[in-house]
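# Summary of the model geometry
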Amino acid sequence: MALLKKPAPAPEQFRVPSLADVDADYAALLEKQAELTARRSDLEREKRSVEKAIAADTSREVRPEIAALLGDEPGSKSLNRRRLSEIRGELSDIEQALGVLRQRLQDARGRASTAVVAASRMEYARRVKAMVVAMQALDAAHRDYDDLRSQFEIEDIAWTSLRPMTPAWLGGSNEPDRRIARFIREAKEAGYAD
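Residues numbered from 1 in each chain as written. Predicted model: local features only at pLDDT ≥ 70, side-chain atom pairs only at ≥ 80, totals over all residues. Heavy atoms only, no water.

## With respect to the overall build of the protein chain
From N to C terminus, the protein chain includes five helices and zero strands. The helix and strand sequence of the protein chain, counted from the amino end, reads α-α-α-α-α. Seen through its C-alpha atoms, the protein chain measures out along the principal axes to roughly 115 × 50 × 50 Å. The buried share of the protein chain, reckoned over its 194 residues, is 23%. Working note: accessible area of the protein chain is about 14700 Å², and carbon and sulfur atoms make up 55% of it. With 33 positive and 33 negative side-chain charges, the protein chain shows a spacing of 3 Å between the two charge centroids. (Helix = DSSP H or I, 4+ residues; strand = E, 2+ residues; numbered from the N terminus. Buried < 20%, exposed > 50% of the residue type's maximum accessible area, 1.4 Å probe, protein only. Areas by Shrake-Rupley, 256 points an atom, 1.4 Å probe, with all protein chains shown as cover. Lys, Arg positive; Asp, Glu negative; His and termini not counted. Charge placed at Lys NZ, Arg CZ, Asp CG, Glu CD.)

Have a look at this one:
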């Protein structure tokens, strides 16, 4: 009885790290932004609830200072108005803080992007090089194909039964600045290909 072999694990797919993955300061700013956004949502819900309570309260409103002079407890309507004012003030502060955070995130983005690029450089180079190798093979095949078509034309062969195809998206195989050649040249100039 043969032992069952586990299949070899698939090579792990490279994932570009997020800005927060590579920069703790950026991650902290995102966390603070999420915290403030959640707090804003909570306050907005509370604000709607307090506004409804004020609208539903039909009691006569007496300011808390007057109620104190009369020896009464402050009414719920005035307490709700005070809370509504506090909520509006805090919401305004949160909006301003979120504006500052957006600017800080924008400032930190460049530094974090530099770190992501550094972490991704080798994988990027590997993939560009793989495309160059594939394009070089395609370029050679394209030249061979065009050479064969030219031979048919030179010899005045009626070869339409082969269903001639023209890979126009590649450009002409004899054009000096054809798309494939341009990409390969740019990759070499950038140091990604030999």
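After that view, the rundown keeps rolling.
## Some points on the side chain of Asp57
Position of Asp57 among the secondary structure elements: in the loop between helix 2 (24-56) and helix 3 (64-70). For the buried Asp57, no salt bridge is present, and the opposite-charge side chain at shortest range is Lys77, 5.3 Å distant. Ignoring any residue separated from it by four or fewer positions in sequence, one finds Asp57 in contact with Ser76 and Lys77. (Salt bridge = Lys/Arg side-chain N within 4 Å of Asp/Glu carboxyl O. Contact = heavy atoms within 4.5 Å.)

## Considering helix 2
Compared with the 48 Å implied by 1.5 Å per residue over 33 residues, the 48 Å span of helix 2 between its first and last C-alpha is a close match. For helix 2, the set of buried residues is Tyr26, Leu29, Leu36, Leu43, Val50 and Ile54. With a side-chain oxygen positioned 2.9 Å from the backbone nitrogen of Asp25, the residue opening helix 2 is Asp23. (Expected span 1.5 Å × (residues − 1). Polar contact = N/O pair within 3.5 Å; in protein donor to acceptor, adjacent residues only side chain to side chain.)

## Thoughts on the pattern of salt bridges
Summed over the entire model, instances satisfying the criterion amount to 16 salt bridges. Across the salt bridge formed by Arg45 and Asp42, the nearest N and O atoms sit 2.4 Å from each other. Residue Arg45 and its partner Asp42 are located together in helix 2, separated by three residues, close to a single helical turn. A relative accessible area of 47% means that Arg45 is categorised as partly exposed. Judged by its relative accessible area of 38%, Asp42 falls in the partly exposed class. In this structure, Arg127 engages Glu123 in a salt bridge whose closest nitrogen and oxygen atoms are separated by 2.7 Å. Pair noted here: Arg127 and Glu123 are both in helix 4 (residues 76-154), with a separation of four residues, about one helical turn. The class of Arg127 is partly exposed, set by a relative accessible area of 36%. Exposure remark for Glu123: the relative accessible area of 15% places this residue in the buried category. Residues participating in the shared-partner salt-bridge network are Glu46, Arg83 and Glu86.

Function-wise, these values are silent; they only describe arrangement.
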